[in-house]
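Spelled out, the chains give:
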Amino acid sequence: MRRIIFWLIASFPIGLFLLIIARYSLNVPWFDDFDPFPDFLREWQQTTDFASYIKLLFKPNNEHRMVFGKLAALGYFWLFGTLNFTFLHWAGTFFTLGTFAIFIRAIRQDNIPWAYLLPFPFLLFQLQYHMTSLWAITGLQHQPVIFFVCLTSYLLAQKRFAWALLTGLCANFAMSNGIFVWPAGFVILFLQGNYRWLGSWLLAGIVAVFLYFYGMQTLNNESSFGYFLQHPHETFFGFFTFVGGLFDFFPDRSTFERSVLPTIFGMIMTSWLGIVLVRLWRLYKKHALAPNTLLLFLIGVSTYLLANATIIAFLRPRFGYFVMLVSNYKIYPALFMMVSYGFYLGLFPLKRKWLKAALGFSILVWGLSFLHYWPTIIERRKTLLAFAYNQQYNGFGLGLTPNSSAALYVDTLMKYHVNNMTYHYPTDLAPALKAIQADTSLKIKPVITKQEEGLSIFTDDFSYDSGFDVALYAFLRSDSHNYLFKLEPNLYKGRNWFRRCDGGSLVLIPKEAIAAGKYSLGFVYVKHGQAKAMIYQPIEWP
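We now turn to the structure provided with this report. (Residues numbered from 1 in each chain as written. Predicted model: local features only at pLDDT ≥ 70, side-chain atom pairs only at ≥ 80, totals over all residues. Heavy atoms only, no water.)

A word on the sheet that holds strand β6 (residues 501-510)
Phase 1 of the analysis: Spatially, β1-β2-β6-β5 is the arrangement adopted by the four strands of the open sheet, whose pairing is antiparallel. Two strands lie at the open edges of the sheet, namely β1 (447-450) and β5 (488-491), each paired on one side alone. Each adjacent strand pair in this sheet contributes to an overall mean axis angle of 30 degrees, direction not counted.
Phase 2 of the analysis: Summarising the sheet, strand β2 (residues 454-459) and β6 pair through six bridges and their orientation is antiparallel. Bridge pairing links S456 to L508 in β6. (Pairing = 2+ DSSP bridges. Helix = DSSP H or I, 4+ residues; strand = E, 2+ residues; numbered from the N terminus. Axes fitted to C-alpha atoms, helices over the stretch in contact; angles between N-to-C directions.)

Overview of helix α8 (residues 136-157)
Phase 1 of the analysis: Over its 22 residues, α8 extends 31 Å from the first C-alpha to the last, a length consistent with the 32 Å expected when each residue adds 1.5 Å.
Phase 2 of the analysis: Most of α8 sits inside the fold, with 22 of its 22 residues counted as buried.
Phase 3 of the analysis: Of the residues one or two after α8, K159 is the one with positive phi, at around 65 degrees. (Expected span 1.5 Å × (residues − 1). Buried < 20%, exposed > 50% of the residue type's maximum accessible area, 1.4 Å probe, protein only.)

A closer look at the packing of aromatic side chains
Phase 1 of the analysis: Applying the stated rule across the entire model yields 61 aromatic pairs.
Phase 2 of the analysis: Consider the rings of F12 and W366, whose centres lie 5.5 Å apart with planes at 55 degrees: the pair is tilted. Linking F12 in helix α1 (residues 2-24) with W366 in helix α17 (residues 352-394), this pair joins segments that are 354 residues apart in sequence.
Phase 3 of the analysis: Take W366: its relative accessible area is 11%, and that puts it in the buried class.
Phase 4 of the analysis: The interplanar angle of 10 degrees and the centroid separation of 6.4 Å between the aromatic rings of F186 and F190 together place this pair among those described as stacked. You can see F186 and its partner F190 sitting in helix α10 (residues 181-192), four residues apart, about one turn around the helix.
Phase 5 of the analysis: When its relative accessible area of 30% is taken as the criterion, F186 is described as partly exposed.
Phase 6 of the analysis: Residue classification places F190 among the partly exposed residues on the basis of a relative accessible area of 36%.
Phase 7 of the analysis: Cluster of aromatic residues (ring-pair linked, three or more members): F103, F120, Y154, W272, F297, Y341, Y344 and F348. (Phe/Tyr/Trp six-rings, centres within 6.5 Å; stacked < 30°, edge-to-face > 60°.)

Written out as structure tokens, the structure reads:
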């Protein structure tokens, strides 16, 4: 009965998480998606020999090899003959469901009551890492590697070495930080006293890491050392900010304001691990740690997480401190919190008051993630539709600078797949495009300012609306070109940190995005599948 109650309660955060993916996922690539998916599939179609197929699967994408992401794209193509990014979003999500199942199984094997497992679904299935759930490349990097690291740690804790070696290799080639599966496994095997397996594990790890980096470019990561010497405090605090990233409750504030809570709680959580380490050391001295599957599993996962946090804090601050809090990394702090709570369950007497505190905290984190990140997900989908339109008809839009060599590469690539009918752009904006051609019923009074960067547009006639398709778009139309840009909500910057949007909406149309010429500037408003439009004024560009 308690098991049934647990799954009934857990189904709420899990089900809502899955519904959001189903609702807001778009079959649209973004930014770094092009190399591992459209370009990979194009090269695959043009390849005929087995050796080249294998080479393509293991070919680096920037500093990563993402074999499982490519296999997911390839599997869908074999079944349906197309490239589908919504499927890729789901493929990544299934790995996270697998991670959750491993945690539940590992903890239940220690005979911990079902009630004490309730914080886990609220900690894991929240929206802070939406750019992992709804961005194909990050979803099929971070989610598979986490799954395989957790599975490897669990298998090693159960002394199933051969299977663990296989899943460790899978983690190694899921993405770059998968190489930390080897030190995680080393710690588990050492604590078990399995020195014979330890030697084989080390040898396999050395070979796997060598193969991972063989022929790979460094992407100037060596410059991170020089940056570290000049800004060591950023790496020091960045580690704690990254670890405590689940406390980033106010994503629209400045980087400094956002990072205060995560840094403080990251220090608290790291201190908690110090207490845990003392307990683990006592168990190790009593030879009571080796047979404990749960604790060995948690030690393996936490070793991986700490190694990953350290390398992120060392390599990434040179791109800006905000990187410590980007959405596509937030799944790691969520997992860190789950591991921290798991250590409490495995090491300390279970008390109802601590269960209530943990459950209340997890629900608070879950609720705040919906309050602050769901609007971002809603707006991103609408904005991505406008970007996809510009990519389809103007050769730019999906994350790259217009008229750059990268934009030309993407335009050529996308036209290849459209012409071969292996990709189809979404048609969600059809009502807006129809209204642009004929409707004149929209009433709006924008403030338009020409700036050095481009054309700034603001209007207080339309503010943020959480509707699925409710959006205001600006368009520039000429005989040869049609451009579409979504106006974004005007973010609130006042004292009330729980308020996200101020009145009005705005957009800056970049100067380099528009070809020179004479245009009609207009606006189109979409709501519930209906659209109204107007031509506001003629405009000379630039």
